[in-house]
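Structural overview for review
This is what each chain is made of:
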Amino acid sequence: MGRPRCLCEICTCGSDYLPYSIVKRHFQVQEEYKPKTGDIELGTTYRKDYNAHKIEPMTLVRPLERKHTTGGKLDTIPTYQDDYRSWEVQRREATKAVHIYHPPTEKFGNSTTFQDDFVPRELNPRQSFKPPCVAKISNVPFDGATSHRTSYIAHQLEPKFVRPKEEYKPSNQPFVDLTTHRNDFKGLPGELAKSCKPEIAKVGSNAHFNGVTEFQDRFQPWLVSLPEVRKTREYVPPSGSIDFNSTSHLDYIKHEISPAFPIRPVSNRRRTNAPFQGSTTTKEDFKAWGTCQQEIIKKQQEIPKPMGKFYDLTTFKSHYIPHQITPTQSFKPVHAIALNSGPFQDETMYHTEYTPKKPEICPANYPSPPGYVYVNTDSHGHKFFRQCTPEFFKSESNPIPKEIAVVS
């Protein structure tokens, strides 16, 4: 039997929380301010060393403004108003001839120039040279043999490994719901705050009030006469038939009104069979001068144009010598799949050299680690156990630290 060990020393996975000791922060108490006695010396180095100089007022360099004033009266009449004299201009009479519009006597024809001259023609659709989108169906039967179907060899699969589901084992220890706040926080003692709200005291009496109020004393009821209700007369329908002729319908006199004539003036166009004289004053007095168009100034070509027939023979065609092309040898391997009749070797280095290891379970996951006996629990919540049998999972190369604190 060895010394008792903590649960955090037995743990091998290192998943437990390592708490640190909580050190309360030291707050420095601020000292009370005490003003110094005596008067403050307000003298500075600038006041002590500064020599004041006498400053004279600045004289203005700008000359004084001189105002020239006269004692005469200002004449406000401008030169234009004094010299301008309006003339008596007579209005010119209009020389425009008065044209009185007379409506045409002939009937207006609705046919336009476009309707008279237009000859409708039949539309001829253009021939389409687009090839028809029709799929060509082959007569050869479809060959559905692929390289996968010909080269694939089906192998028998091993049964799938199914991992057994671990059974859930609830903990036997009671749940500790004590938090750090509940453990470390201590409420400061003090009195409860008193309410400044005044107490609600009912002032009144259960006795019946027999006095007279101001409203009852000043406002006395008076008699009011009810409004007179008039009786409605019973409706009696008139006898006989209804005359729908109104005063406007009987007294209306119909007048014959001539239609309104347009105010458009009548065109005084006279048709003559004589030829049209197109000579005007401008054509007779201003004769056209005989001018010739100036020729375009072109630069003389330095290279003369060929006069013979074009043979369509270029320098490349005349000097080109064809050579025999030697194809480059390809070193690309041939994609030929060699089929092997032997069984497929699915052994790899990982499959042959891998050594399965048994998964180790951390002793701290158990309520009581195997090979240990519960001793006690300290004030920080650490559980200590004593070893009964030697640990089978320890190794000399990776020793477990002796002093580690873990909160369970």
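Refer to the preceding data block for the structure.
First, a word on scope: everything that follows refers to the structure included in this document.

1. Let's talk about the overall build of the chain
The secondary structure content of the chain amounts to 11 helices and 3 strands. Considering the chain as a whole, with its 408 residues, one finds that 4% of them fall into the buried category. Long-range pairs, those at least 24 residues apart, make up 74% of the contacts in the chain between residues at least 6 apart in sequence. For the chain, the exposed area adds up to about 48,600 Å²; of that, 56% sits on carbon and sulfur atoms.

2. What about the pairing of strand E2 (residues 372-377)?
Sheet analysis places E2 next to strand E3 (residues 383-387), joined by 5 bridges and oriented antiparallel. Residue pairing for E3: Tyr-372 is matched across the bridge by Gln-387. The loop that links E2 with its antiparallel partner E3 comprises 5 residues; one of these, Gly-381, has a positive phi angle of about 90 degrees.

3. As for the nonpolar core
In terms of nonpolar packing, the biggest core is built from 7 residues, these being Leu-7, Ile-10, Cys-11, Cys-362, Ala-364, Tyr-372 and Phe-385. Apart from residues lying up to four places away in sequence, Ile-10 is in contact with Arg-5, Pro-363, Tyr-372 and Phe-385.

4. Things to note about the sheet that holds E3
Strand pairing in a sheet relies on backbone hydrogen bonds. The paired strands run either parallel or antiparallel. Spatially, 3 strands are ordered E1-E3-E2 in an open sheet, and the strand pairing comes out antiparallel. At either end of the open sheet lies a strand with only one pairing partner, and these are strand E1 (5-6) and E2. Note that E1 and E3 share 2 bridges and pair antiparallel. Note on E3: the bridge partner recorded for Arg-5 is Phe-385.

5. So, the packing of aromatic side chains
Inspection of every chain in the model, using the stated rule, returns 6 aromatic pairs. Note on Phe-114 and Phe-118: the rings are 5.1 Å apart at their centroids and 15 degrees apart in plane angle, and the pair reads as stacked. The exposure class of Phe-114 is exposed, given its relative accessible area of 60%. Considering the side-chain rings of Tyr-374 and Phe-385, the 5.7 Å spacing of their centres and the 65 degrees angle between planes classify their relative orientation as edge-to-face.

6. A few points about the pattern of salt bridges
Where charged atoms from two side chains of opposite charge approach closely, those side chains can pair. Under the defined criterion, the tally for this structure stands at 1 salt bridge. The partner of Glu-214 in a salt bridge is Arg-218, with the nearest N and O atoms 3.7 Å apart. Residue Glu-214 and its partner Arg-218 are both found in helix H7 (residues 214-218); the two are separated by 4 residues, about one turn of the helix. The exposure class assigned to Arg-218 is exposed, which follows from its relative accessible area of 65%.

Thresholds, definitions, all that
Position numbers for residues start from 1 in each chain and track the written sequence from start to end. Selection of residues for local features in this predicted model requires a pLDDT of at least 70, selection of side-chain atom pairs for listing and counting requires 80 or more, and totals for whole chains, interfaces and linings are taken over all residues. No hydrogens and no water enter the side-chain calculation; it runs on all heavy atoms of the structure. Numbering of helices and strands starts at the N terminus; helices are DSSP runs of H or I of at least 4 residues and strands are runs of E of at least 2. Between buried and exposed lies partly exposed: a residue is buried under 20% and exposed over 50% of the maximum accessible area for its type, with that area taken using a 1.4 Å probe on protein chains only. What makes two residues a contact is simply this: any of their non-hydrogen atoms within 4.5 Å. What sets the accessible areas is the Shrake-Rupley method with a 1.4 Å probe; for residues, cover comes only from the shown protein chains. Two strands form a pair only when DSSP identifies at least two bridges running between them. Put simply, buried Ala, Val, Leu, Ile, Met, Phe, Trp, Tyr and Cys residues joined by side-chain atoms within 4.5 Å make one nonpolar core. A pair of Phe, Tyr and Trp rings is counted when the ring centres sit within 6.5 Å of each other, with Trp represented by its six-membered ring. The angle between the planes then sorts it: under 30 degrees is stacked, over 60 is edge-to-face, the rest tilted. We define a salt bridge as a side-chain nitrogen of Lys or Arg found within 4 Å of a carboxyl oxygen belonging to Asp or Glu.

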